[in-house]
Amino acid sequence: MDAIFNPKRRTFLKVGAATGGGLVIGFYLPGAAGVAEAATGPTKLNAFVKIGADGKVTFVTGTSEMGQGAHNALAMMIAEELEVDFKNVRIEQGGIDPAFANPRYIGFRAVGGFQATGGSSSVRNVGVRVRYAGAAARFMLISAGAEKMKELRSECVAENGYVVHKPSGRKVSYGALANDAARQVAPDDPVLKQPSEFKIIGKATPRHDTPPKVTGKALYGLDVKRPGMLIATVAKCPVFGGKVKSFSADRALKVKGVKKVVQISSGVAVVADGFWAAKKGRDALEITWDEGPVAKVSSPGMYQSWAALAKGPTAAERLKTGDVATALATAAKRVESVYEVPFLAHVCMEPMNATAHFKGDSVEIWAPTQAQSWNAHWVSQLTGVPTSAITVHTTYLGGGFGRRLESDYVLDAVETSRAAGNVPVKVVWTREDDLQHDFYRPASHNVFEAALGADGMPTAWRHRIVGTSILQYFKTFGHFLRKDGMDPTSAQGAGDYFPYDIPNVLVDYVNNNPGVPSGFWRSVGNTQNGFLLESFVDELAHAAGKDPYQYRRQLFSKPHAARLRAVLDLVAEKAGWGKPLPAGVHRGIAAHFAYGSYCAQVAEVSVARDGKVKVHRVVAAIDPGWIVNPATVERQIEGAIFYGLTAALYGDITIKNGRVEQSNFDNYKILRMDEMPKVEVHILQGKGEQGGIGEPGVNPVAPAVTNAIFAATGKRIRKLPIKPEMLRT
Amino acid sequence: MATSLTLNVNGKSRLISVDDPDTPLLWVLRENLGLTGTKYSCGIAQCGACMVHVNGEPALSCITQVSQVAGKKITTIEGLSRDGGHPLQKAWIAEEVSQCGYCQPGQIMSAAALLAKNKNPSDAEIEQAMARHICTCGTYNRIRKAIHAAAAMTRKGA
Ligand code: FES
Ligand code: FES
């Protein structure tokens, strides 16, 4: 249960009559910005659910749909509690409203009620509120139905869009009751259905958004069209942090179709009547940049300085138990390794873009965004327009992966609209802009040391992480950066949850970023740390001469790792661990906990003589607790495996003189169909808290593959991405 | 001087005017004709998001200059079927291929060109026909399955 919303206090639940008749149920958060509007009257209520006098059910959501299936899952939850046929529920993307604040970000209300989609939180955090809204509506409909039929309320039930008087079988439709229900008092404590009563939740349910997505009708940010809208591209300094020193727009303005050239904080915007003119105009700009200090930064030097820092005396502690120094000094056997992971780009298929209309005292935005509230907050900071006068219309997102939690692309559009004379402007980033001005998954240098006892099991584990910090860049959460430099996201999955039963542990972190923007990348710190932990533990198993599966099994012996051990066992069984494989094919195993879910994977891999790696099959087992839509869970895990595998095989953003060296899909490779392994997903619904689905599947794949590579070749991959030259024989 | 051209798009003749005859077909479809089902993602023939048919052959509209296709038959995702009833669209829905969905119109256009020639493609033939496409949501296995399903539907005369 989240801290702010308490279903027992009905002040959070707002009931009203819908314009045009019917019942509306929504929420508001006392104390958050915008409450006044939410509370002024039923017609202004930003609803979770509307039931029309015609019986139509509309589910309004503030959650962004980026492919993860959250819209559908939440609508299933509301249909379940409401007792209506899921097919009759219409999903509507809501605007920006405190009612849509995501309970996951409740701790961050200092900067406004946070409506954002991230952290694999839609179902497990937002879903609870949605269910209460549905349950409240059901309660009021039953009351209204009992009154209408003049029967005892206790003899009436909700069934498939009707209130039914059980003894007589008489029934009234929701549509006929919607107006009366709106006059009922919201229940103090709406009772949620028990899992045993679920008819929709837990069943594979087709997604509402598939049909528009196969006909080209689905509307993404790039498809937004407004009357009088102009298109802009922005020339940004290729060096991070660089600024415009001077520029000439003369040649750009000669390009037919170019209307204006304006300077904004992030560079020079060329505003035209179409993309092609805007791009040609941008190519024609003559800009002198003040490149700033980051121009001296290149990848090799960065990793060298991190190697030096890793040996230094100071670091911020993340996890400390026992006495690592003594255990290492007195160990029967010691294992030491150094690992490096690179920066990674997000590569949403739809490049960053946003449409904005700055109107002086208000701002209207259309964007494929994961972070409506943060967008509004930063737009307000930029323009001085209060957040209550900023509207954000969310389109479908052509991928998100954490990239669209940032606000930079929205600010580009708002600033350009203002500078171009308060006209609606769509700012389009090219793929090159998108790859070279990302907030990259942090890179890091890692030093591991472990001590093994006589039985081969570890008695000490030391892990030092040196690398870039997300929170240093993500200003909205900046206050979570500890004074000693500890960024909890950098050690996420390395120290916050430590699965292994080892008596002496020290995990610490040195924050060092020479200026490469770092950001949230599907699964965040877990993406690098899942690889690191599950690789090094594989090394320990090998040093101990033990089977990697059994070795982990033994290490996952504490109660908090019980569910991780269960998915490990399941994946080993389903993958046929220990059973023979075709010649040349080898297995690797890995398991990791993230965002409340436990995931284990086995990869089957072969390595050709030229070092080329082929991943034939990945078997995954996941325990997210109870689930809403198994079809979505399967597809999210498949997608996560693709995402993690692309990164492991190809993902590498490198910096030269402060610039990203990669520019487009020709030199930032993405896995294609012929390289995609077979994927098998097994779902375990363990007891305990519900976990997320979008992110946890990303983490185990890289170590499962590199551990399989070790099994195949005896070569340990300690630096990602995996390159054929590392494996050539 | 703007250039006027007549394009044949989805069976209709459309008069358009562009400042630059080198403008990629992609932007003309999206901006001049409002056919936004054809997507931009890389602009350099690397991802397939912009795939359309020109005279029945798959063509990447991001590198096709509009002046080159005047008078040719252009088909976009909007013109693939009247009501989303192409076997591939049906199979895509049944298999629930799409995640974010952004790459899918392009994927479907390549798949349609394949099925028009080959009613029973093998995995290898599908992979070859789809090699120009990227899906960063990782839906490839579902796409392959949906193409097989659509091929089966077509063979049965659906
Ligand atoms: S946009 Fe044409 S191939 Fe990528
Ligand atoms: S479905 Fe998202 S890119 Fe393919």
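Remember, predicted model here, so these are calculated numbers, not experimental data.

## What to know about the domain arrangement of chain B
Residue and element names in this part refer to chain B.
- Along its sequence, chain B is carved into domain 1 (3-80) and domain 2 (87-155).
- In this structure, domain 1 and domain 2 have C-alpha centres spaced 21 Å apart.
- Each partner contributes to the interface: domain 1 provides 19 residues, whereas domain 2 provides 13 residues.
- Both faces combined, the contact of domain 1 with domain 2 buries some 1400 Å², and carbon together with sulfur accounts for 63% of it.
- Its largest share of buried area at the contact with domain 2, domain 1 owes to M51, I77 and L80, together 34% of the area lost on that side.
- Joining domain 1 to domain 2, the criterion identifies one salt bridge.

## Notes on the nonpolar core
- With 205 residues, the main nonpolar core has I365, W461 and I722 of chain A together with W92 and I147 of chain B as its most contacted residues.
- Among the elements that make up this core, the one with the highest residue count is helix α16 (residues 630-649) of chain A (10 residues).
- Membership of the second largest hydrophobic core comes to 45 residues, among which are A75, L82, V126 and M149 of chain A.

## Let's talk about the packing of aromatic side chains
- For the structure shown, the criterion picks out 27 aromatic pairs over all chains.
- Ring centres of F275 of chain A and W27 of chain B lie 4.0 Å apart, and the angle between their planes is 20°; this geometry places the pair in the stacked category. On the criterion of chain membership, the pair formed by F275 of chain A in helix α7 (residues 275-284) and W27 of chain B in helix α1 (residues 25-32) is interchain, its members lying in two chains.
- A relative accessible area of 5% places W27 of chain B in the buried class.
- Of the aromatic side chains, those joined through ring pairs into one cluster are Y339, F448, W461, F498, Y500, F531, F536 and F556 of chain A.
- The lysine or arginine in question, K171 of chain A, covers the ring of Y162 of chain A, its NZ or CZ lying 4.3 Å from the ring centre.
- When the ring centre of W521 of chain A is taken as origin, the NZ or CZ atom of R441 of chain A, which lies over that ring, is 5.8 Å away.

## Side note on the interface of chain A and chain B
- Each partner contributes residues to the interface: chain A has 58 residues there, and chain B has 52 residues.
- Of the roughly 4500 Å² buried where chain A meets chain B, counting both sides, 56% is carbon and sulfur surface.
- Linking chain A to chain B there are six salt bridges.
- The salt bridge involving E638 of chain A is made with R142 of chain B; its shortest N-O contact spans 2.4 Å.
- Run the count over chain A and chain B and you get 30 residue pairs in polar contact (both at pLDDT 80 or more).
- Residue assignment for the side of chain A that touches chain B shows that the elements contributing at least two residues are α5 (210-215), α7, α12 (431-436), α16 and β28 (678-683) of chain A.
- With eight residues, α16 of chain A is the single largest residue contributor to the side of chain A that touches chain B.

## Describing the environment of K117 of chain B
Residue and element names in this part refer to chain B.
- If you trace the backbone, K117 turns up in helix α4 (residues 104-117).
- Residue class for K117 comes out exposed when judged on its relative accessible area of 62%.
- A distance of 2.9 Å separates a polar atom in the side chain of K117 from a polar atom in the side chain of E57.

## Digging into the sheet that holds strand β14 (residues 316-321) of chain A
All names here are of chain A.
- The strand order β14-β22-β21-β20-β15 describes an open sheet built from five strands, whose pairing is mixed. Each edge of the sheet is formed by a strand with only one pairing partner; in this case those strands are β14 and β15 (333-341). Strand-to-strand twist of the sheet, defined as the mean angle between neighbouring strand axes without regard to direction, takes the value 10°.
- Sheet topology places β15 next to strand β20 (residues 444-452); nine bridges connect them, and they run antiparallel. Each bridged residue has a counterpart across the sheet, and for K333 the counterpart in β20 is L452.
- Sheet strands touched by helix α13 (residues 525-543): β15, β20 and β21 (458-467). Its angle to β15, the strand with the most contacts, is close to 150°.

## Observations regarding a positive patch on the surface
- Positive charge collects at one region of the surface, where K612, K614, K669 and K678 of chain A lie side by side.
- Tracing the backbone shows K678 of chain A in strand β28.

Procedures and definitions
- Residues numbered from 1 in each chain as written.
- Chains lettered and ligands numbered in written order.
- Predicted model: local features only at pLDDT ≥ 70, side-chain atom pairs only at ≥ 80, totals over all residues.
- Heavy atoms only, no water.
- Domains from an automatic or database assignment.
- Contact = heavy atoms within 4.5 Å.
- Buried area = accessible area lost by both parts, 1.4 Å probe.
- Salt bridge = Lys/Arg side-chain N within 4 Å of Asp/Glu carboxyl O.
- Core = buried A, V, L, I, M, F, W, Y, C linked by side-chain atoms within 4.5 Å.
- Buried < 20%, exposed > 50% of the residue type's maximum accessible area, 1.4 Å probe, protein only.
- Helix = DSSP H or I, 4+ residues; strand = E, 2+ residues; numbered from the N terminus.
- Phe/Tyr/Trp six-rings, centres within 6.5 Å; stacked < 30°, edge-to-face > 60°.
- Lys NZ or Arg CZ within 6 Å of the ring centre and 35° of its normal.
- Polar contact = N/O pair within 3.5 Å; in protein donor to acceptor, adjacent residues only side chain to side chain.
- Pairing = 2+ DSSP bridges.
- Axes fitted to C-alpha atoms, helices over the stretch in contact; angles between N-to-C directions.
- Patch = residues over 30% accessible without salt bridge, like charges linked within 9 Å, V, L, I, M, F, W, Y side chains within 5 Å.
- Areas by Shrake-Rupley, 256 points an atom, 1.4 Å probe, with all protein chains shown as cover.
- Lys, Arg positive; Asp, Glu negative; His and termini not counted.
- Charge placed at Lys NZ, Arg CZ, Asp CG, Glu CD.

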